[in-house]
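Overview (structure and organization)
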Amino acid sequence: MRVCVIGAGIAGTLLAWRLSESVEVDLVTGPPGTDATAASGGGVRGFETHPVQRRLAIESLSELFQSLQEEAGYTETGCTYLLPSYAGLERAVGEVEDAHPGSTEILDRDELHRRGWHGLPEGTVGICERRAGFINPDQLRTAVLPQLAAGPRSRVLDGPVLRLVPHPDGSVSCRLPGTSHRYVAVVVAAGPWTPGLLTGSALPAEPYRTKAIQVAIYKVDGALPTMFVDETSDLFGRPTADGRLLLGVDTHRWSVPPGSSSPSPDLAAQAVRIAGERLPHLKLSAPDHLVSNADCYADPPVLTLWSVLGSTHRLFTFTGGSGGSVKTALAASRAAASDLLVTGDTRTTTSRTEKQHMTITEPGNRRSTPRYHTIGIGAGPSNLSLAALYKNVTTEKLALFDARPGSGWHTPLLYPGVRMQTGWMKDLVSLVDPRHELTFLNYLVTSGRLYALINSQFDSLPRIEYERYLAWATQRLGVVNFSSRVEAISITDEGFEVTVDGVPTAVSEHLVLGLGTRPVRPEYLRGLPAEQAFIADDLAARLPALDKAAPTAVIGGGQTGLECVLRLLGSGFTDIRWLGRNQWFRSIDDSPMANELYRPSHIEYLQGLNRGKRREMIDDSRYSGDAITPGGLRALYQANYDGFLTLGRFPVTLLPGRDVRASAPLPDGDIRLCCTTSTTPEEHDVRQVVVAGGREHVEAPFDDDLRERIEFDDDGQLLVEPDYSVRWKGMNGHKIYTFNASRYSHGLTNAGLTQLPVRAAIVLNSMFDREIYPITDELCAVQW
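An account of the accompanying structure is given in this report. Just so it is clear, the structure is predicted and the values come from calculations on it, not from any experiment. (Residues numbered from 1 in each chain as written. Predicted model: local features only at pLDDT ≥ 70, side-chain atom pairs only at ≥ 80, totals over all residues. Heavy atoms only, no water.)

Moving on: the environment of Asp242. Structurally, the position occupied by Asp242 is in the loop between strand S16 (235–239) and strand S17 (245–249). A residue is classified by how much of its surface remains accessible, and Asp242, at 51% relative accessible area, is exposed. For the pair Asp242 and Lys219, spaced 23 residues apart in the sequence, the C-alpha separation amounts to 9.7 Å. A polar contact of 2.4 Å, which involves the side chain of Asp242, links it to the side chain of Thr240. (Helix = DSSP H or I, 4+ residues; strand = E, 2+ residues; numbered from the N terminus. Buried < 20%, exposed > 50% of the residue type's maximum accessible area, 1.4 Å probe, protein only. Polar contact = N/O pair within 3.5 Å; in protein donor to acceptor, adjacent residues only side chain to side chain.)

Take a look at the structure:
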């Protein structure tokens, strides 16, 4: 099998070139048109403020001087880097000077003024590099591509890649127009197309963001400056080979689509204004040429090899950093190729918190089934919370297996405007370890979202934001095996063995079930056309083909039903019938007393009750959580009244107390819904039906032998102990834990998000037989 590099920019082309010396490699080109490499200014220098970037830039400059000046079209101009002085600056400049003696010096503000710089803030210094300049990255790429196309181990394939498909054995398929290829490893080096390709393949795209870049070229009267970067004003520029000046300013325009974008004359004018203030001796003409494009940025801002999916899939990115990867691409491509080709037989992968080598080995060359201390089935919030706490307290190995192709959380139901039912502090870790690196607050800070979210003043967090937080945490954990549907769980002499695609894939001491739920498709949908009657999870896909003016029923009086109604209303539907079984559309009780039900002290209290009394209490309090957010109902009523003002009637009719029992297609294409009510039966004729009628637990795929050992209660549910362990025979030290399947033993916190880290901490304390995380809840005014 071959390695694939996606993206024929300077980064991808150089990486494929390095790899072709040792393995078979395919380089897949991107969409036609000008890309960031073609639009790049091509500046190269040694000094960077980020230490890893600086090392790569220094090494790249050395290789350029040694062997590639002609191929790259190098022109030496010198470079002046203006920035506020900081502790450690002299040491950083010394690194450049050590590599290129006599090249680098630090200039104070007065010396910069003597060299033509004006209006610089107090404390500004300049790093002057004599051996710096610019290359033509498109020229270097063009020199390398024919070697790859004609090489004995390499091919250049026309793209673009339409989708990435990870497989359970760690390999990855790339779907191209009209064909598909499977590779032992895939590296996405697609520049600004990287986030879209990952998202379109249902893979996490964090922390990549696209940003607009724009430069213009001017004729100049006056002495040209060196190449320069002015961090105090966001201005940058360099002389051109024909004596003109390339000039630009940071656009601060994020999330722009890849490919060429329309240049902004205002931005060019801003660059000219700042240049007039900083370099007043320059007299600039009108711009001869304006270039606008997009590039990819990431945090940390380093061009290096990063894992996308964690520990089992050989899918990586090699994109971005600070944008403009030209100055580090030579050294970064060599390092990335080395990371992919380290000799040995054991494979690990990279994450953004821990950089490790990865060995390419054929899937069939594995010597034995990998062994872990703990295996989790499912990678939803419950098991992610466990994995997050686990990584901070033990060096034992944990792996999660999930059937989905990538990170997500009820993704088909994530509409704009959908809100969470829990507060942001109830994340994966904060309730037991608020200093953990995977808190929601740290996610906001490291992804640059903090102030934007705070100033938006949401009463409830957008659910799409929570899903992105989960994807962010998943990537940093690096323990999730996606596209790995566990078909069987067995117990052997060595512990639990999980089977994926008919092959034993992993063995562990302990097993944690976090299987979640799946939507229920009611019997009364049988026989109805799928394009007219479907479950809520399919609404987004079906929406474009639906008739907005036709009567449309939403069945289900819970939160999902409300969200479907709001989605239809916001999409322009004008005749929506919302049917629910209960006598009113209940909203959540969010009072202080109701929230007492979601505390560890109440969970402990429930454990002391007999089974019947416990069930009675849990049923009685279910609507403290299994109901609709008040803000959501308020939004519906307000939107419905707005519709009344426009249409002269309400676009949404609320029909509580209707229990749909049957349906039938009518000759005119409508669907008749037959309901029972508190008085007489009713019939409702509609054209389209969306069912948001609840979800059911996914059963664990125990094999027959293990299932016979599991103990169940009278209702056929797993018998779950207070520490979330499942009661079973012959455990011999091997424990099974379960989340989301103990409602009538652990109460309403069993399946919700409110106590995620508390549940995970209880499991860890039990698993390691010591109090790793204290669970204290003594300051409580309620005596149960």
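So that's the structure; there's more coming.
Our focus in this paragraph is the nonpolar core. One finds Leu386, Leu389, Leu400, Leu428, Tyr466 and Tyr469 to be the most contacted residues of the largest nonpolar core, which totals 44 residues. For this core, the secondary-structure elements that each account for two or more residues are helix H10 (381–391), strand S23 (398–401), helix H11 (440–446), helix H12 (450–456), helix H13 (463–477) and helix H22 (756–767). No other element matches the seven residues that H22 contributes to this core. Counting 41 residues, the second-largest nonpolar core is a separate cluster that includes Val184, Phe318, Ala331 and Leu340. (Core = buried A, V, L, I, M, F, W, Y, C linked by side-chain atoms within 4.5 Å.)

What follows deals with unusual backbone geometry. Residues Gly159 and Pro160 are joined by a peptide bond in cis, for which omega reads 5°. Following the sequence through the fold, Pro160 ends up in the loop between strand S9 (154–157) and strand S10 (163–166). A positive phi angle, close to 60°, is found at Ala202, a residue other than glycine. With respect to the secondary-structure elements, Ala202 resides in the loop between helix H7 (194–200) and strand S13 (209–218). Residue class for Ala202 comes out partly exposed when judged on its relative accessible area of 31%. One non-glycine residue with positive phi stands out, namely Asp234, at about 70°. By secondary structure assignment, the location of Asp234 is in the loop between strand S15 (227–230) and S16.

Time to look at the state of the cysteines. A complete count under the given rule lists zero disulfides for this structure. Of the cysteine sulfurs around Cys128, a residue in no disulfide, the closest is that of Cys79, at 8.1 Å. Here Cys674 stays free of any disulfide, with the sulfur of Cys675 as its closest cysteine sulfur at 7.2 Å. (Disulfide = S-S within 2.5 Å.)

The subject of this paragraph is H22. Three or four residues apart is the spacing at which side chains of an α-helix point the same way, because the helix has 3.6 residues per turn. With twelve residues, H22 extends 17 Å from end C-alpha to end C-alpha; this agrees with the ideal 16 Å at 1.5 Å per step. Buried residues dominate H22, accounting for eleven of its twelve residues. What H22 keeps buried is the set Leu756, Pro757, Val758, Arg759, Ala760, Ala761, Val763, Leu764, Asn765, Ser766 and Met767. Just downstream of H22, Asp769 is the residue with a positive phi angle, here 55°. (Expected span 1.5 Å × (residues − 1).)

This paragraph deals with the sheet that holds S17. What the eight strands build is an open sheet, ordered S6-S7-S5-S15-S16-S17-S13-S19; its pairing is mixed. This sheet does not close on itself; its edge strands, each paired only once, are strand S6 (104–107) and strand S19 (289–297). Shown here is a sheet whose adjacent strand axes are inclined to one another by a mean of 20°, direction ignored. This element, helix H8 (residues 265–278), spans S13, S15, S16, S17 and S19 of the sheet and lies at about 105° to S17. (Pairing = 2+ DSSP bridges. Axes fitted to C-alpha atoms, helices over the stretch in contact; angles between N-to-C directions. Contact = heavy atoms within 4.5 Å.)

Another point: the packing of aromatic side chains. In the structure shown here, the tally under the stated rule is 16 aromatic pairs. Ring plane angle 45° and centroid distance 5.7 Å describe the contact between Phe496 and Trp728, whose orientation is recorded as tilted. Note that Phe496 is positioned in strand S26 (residues 495–500) and Trp728 in the loop between helix H20 (704–709) and strand S38 (736–738), a separation of 232 residues in sequence. Under the relative-accessibility criterion, Phe496 is labelled buried at 0%. An aromatic cluster of at least three residues, connected via ring pairs, comprises Phe440, Tyr443, Tyr466, Tyr469 and Trp472. Lying over the aromatic face of Phe65, Arg131 brings its terminal NZ or CZ to 3.8 Å of the ring centre. Above the plane of the ring of Tyr372 lies Lys397, whose end atom (NZ or CZ) is 5.0 Å from the centre. (Phe/Tyr/Trp six-rings, centres within 6.5 Å; stacked < 30°, edge-to-face > 60°. Lys NZ or Arg CZ within 6 Å of the ring centre and 35° of its normal.)

The next subject is the pattern of salt bridges. Evaluated as defined, the whole model comprises 36 salt bridges. With a closest N to O distance of 2.6 Å, Glu509 and Arg371 form a salt bridge. Taken together, the positions of Glu509 in strand S27 (residues 503–513) and Arg371 in strand S22 (residues 371–377) put the pair 138 residues apart, joining distant regions of the chain. Notably, a salt bridge pairs Arg404 with Asp402, separated by 2.8 Å at the nearest N-O pair. A relative accessible area of 26% places Arg404 in the partly exposed class. Because the salt bridges share partners, they merge into one network encompassing Glu105, Glu111, Arg114, Arg115 and Arg130. (Salt bridge = Lys/Arg side-chain N within 4 Å of Asp/Glu carboxyl O.)

On their own, these measurements won't tell you what the molecule is for.
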